[in-house]
Amino acid sequence: MPRVWYHELHTFLLASGFCNSHSDPSLFTFYSAQHVLFLLVYVDDIIVTGNSDNILSVFVSSLAKRFSLNDLGNLSYFLGVEVLPHKHGILLSQRRYITDLLTRLNMLDAKPVLTSIPSSASAISLLYGSPLHNPTVYREVVGSLQYLSLTRPDVSFAMNKLSQFMHSLTDDHWILVKRIL
């Protein structure tokens with residue numbers, strides 16, 4: 001059923017003048033001389049935005065005639081990302097996502113550090129530390145932190161480095177992950 005729904009939506013959007021992104025099949029864009037609309041699909045959730053409230057309203061009405069919609073109003077939280085209005089547009093934040101992750105790991109009292117991980121390649125190695133007894137938690141946390149790099153590019157280097165040791169994890173790697181948090 002989801003494939004059929006997506007196919008119907010895809011066909012409707014293309015017939016409405018939208019183009020499907022080559023780099024992200026869940027993103028559709030509509031451009032005219034003065035207006036632009038963006039539509040993002042995730043499973044059965046849709047985000048629609050554009051530079052004209054009038055054109056946006058007309059399009060959402062046309063979409064509602066073809067599909068069953070629940071308009072949840074202005075976007076405030078989607079896939080772990082808070083969308084906050086700002087005088088210059090919007091601010092994307094993952095503060096709640098981080099808080100939920102810290103809560104899950106019993107680390108709400110953790111202190112911030114300026115540099116989360118040593119930058120030299122030799123400081124992180126397969127040779128140091130004892131093997132982790134439960135590497136699943138490490139892998140879940142590293143995956144969660146990789147998603148965090150969406151709004152926090154400063155953790156990208158550290159996550160890339162720590163991802164290189166997924167096959168042979170030690171307690172030293174776990175300590176470094178905790179420093180990132």
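Here the structure is shown first, and the text comes after it.
Residues numbered from 1 in each chain as written. Predicted model: local features only at pLDDT ≥ 70, side-chain atom pairs only at ≥ 80, totals over all residues. Heavy atoms only, no water.

Q: Would you take a moment to explain the overall build of the chain for this structure?
A: Scanning the chain from N- to C-terminus turns up six helices and seven strands. In sequence order, the chain lays out its α and β elements as α-β-β-β-β-α-β-β-β-α-α-α-α. Per-residue burial over the chain gives 30% buried out of 181 residues. For the chain, the share of sequence-separated contacts (at least 6 apart) that also reach a separation of at least 24 residues comes to 51%. Entry remark: accessible area of the chain is about 12200 Å², with carbon and sulfur atoms responsible for 57%. (Helix = DSSP H or I, 4+ residues; strand = E, 2+ residues; numbered from the N terminus. Buried < 20%, exposed > 50% of the residue type's maximum accessible area, 1.4 Å probe, protein only. Contact = heavy atoms within 4.5 Å. Areas by Shrake-Rupley, 256 points an atom, 1.4 Å probe, with all protein chains shown as cover.)

Q: Quick question: what am I supposed to make of the sheet that holds strand S3 (residues 36-42) here?
A: Sheet strands pair by backbone hydrogen bonding; their relative direction is either parallel or antiparallel. Pairing in this open sheet of four strands is antiparallel, and the strands run S1-S2-S3-S4 from one edge to the other. Unpaired on one side and paired on the other, strand S1 (19-20) and strand S4 (45-50) mark the two borders of the sheet. When S3 meets S4, the two strands line up antiparallel, connected through six bridges. Bridge pairing in S4 places Leu39 opposite Val48. With respect to the sheet, helix H2 (residues 53-66) is in contact with S3 and S4, its orientation differing from that of S3 by roughly 40°. (Pairing = 2+ DSSP bridges. Axes fitted to C-alpha atoms, helices over the stretch in contact; angles between N-to-C directions.)

Q: Any chance you could explain the pattern of salt bridges here in plain terms?
A: When the charged atoms of two side chains lie near each other, side chains of opposite charge can form a pair. Under the counting rule described, the total for this entry stands at one salt bridge. The closest approach of N and O atoms between Glu8 and Arg66, which form a salt bridge, is 2.4 Å. Of the two residues, Glu8 sits in helix H1 (residues 2-15) while Arg66 sits in helix H2, which places them 58 residues apart along the sequence. (Salt bridge = Lys/Arg side-chain N within 4 Å of Asp/Glu carboxyl O.)

Q: Can you help me understand the sheet that holds strand S7 (residues 89-93) in this one?
A: If you trace the three strands from one edge of the open sheet to the other, you get S5-S6-S7, paired in antiparallel fashion. The outermost strands of the open sheet, each flanked by one partner alone, are strand S5 (77-78) and S7. In this sheet, strand S6 (residues 81-86) lies alongside S5 in antiparallel orientation, the contact comprising two bridges. Across the sheet, Phe78 pairs through a bridge with Val81, a residue of S6.

Q: For this particular structure, what's the right way to read the pairing of S3?
A: Regular strands show a simple pattern: their side chains alternate between the two faces of the sheet. With five bridges joining them, strand S2 (residues 27-31) and S3 adopt antiparallel strand pairing. Along S3, the bridge assignment pairs Tyr31 with Val36. Once S3 ends, the chain turns through two residues before running back antiparallel as S4, passing Val43 with a positive phi of about 55°.

Q: Whenever I open this one, the side chain of Ser93 confuses me. Can you help?
A: Here Ser93 is to be found in strand S7. Looking at Ser93, its side chain comes within polar contact range of the main-chain nitrogen of Arg95, at 3.2 Å. With residues up to four places along the chain from it excluded, the contact list for Ser93 reads Gly80, Val81, Glu82, Leu84 and Thr151. (Polar contact = N/O pair within 3.5 Å; in protein donor to acceptor, adjacent residues only side chain to side chain.)

Q: Please explain a nonpolar patch on the surface as it appears in this structure.
A: Taken together, the side chains of Tyr42, Val43, Leu79, Tyr147 and Leu150 present a nonpolar region at the surface, about 480 Å² in accessible area. Mapped onto the elements, Tyr42 comes out in strand S3. (Patch = residues over 30% accessible without salt bridge, like charges linked within 9 Å, V, L, I, M, F, W, Y side chains within 5 Å.)

Q: Whenever I open this one, the packing of helix H3 (residues 95-104) against helix H4 (residues 135-148) confuses me. Can you help?
A: What describes two packed helices is the angle between their axes and the distance between those same axes. The contact between H3 and H4 brings their axes to 11 Å, and the two run at 165°. Taken together, the axes of H3 and H4 lie roughly antiparallel to each other. Two packed elements cross with a definite hand, and for H3 against H4 that hand is left-handed. For the pair H3 and H4, the contacting residues are Tyr97, Ile98, Leu101 and Arg104 in the first and Glu140, Ser144, Leu145, Tyr147 and Leu148 in the second. (Parallel < 35°, antiparallel > 145°, perpendicular 65-115°, else oblique. Left-handed = near helix turned anticlockwise from the far one by under 90°.)

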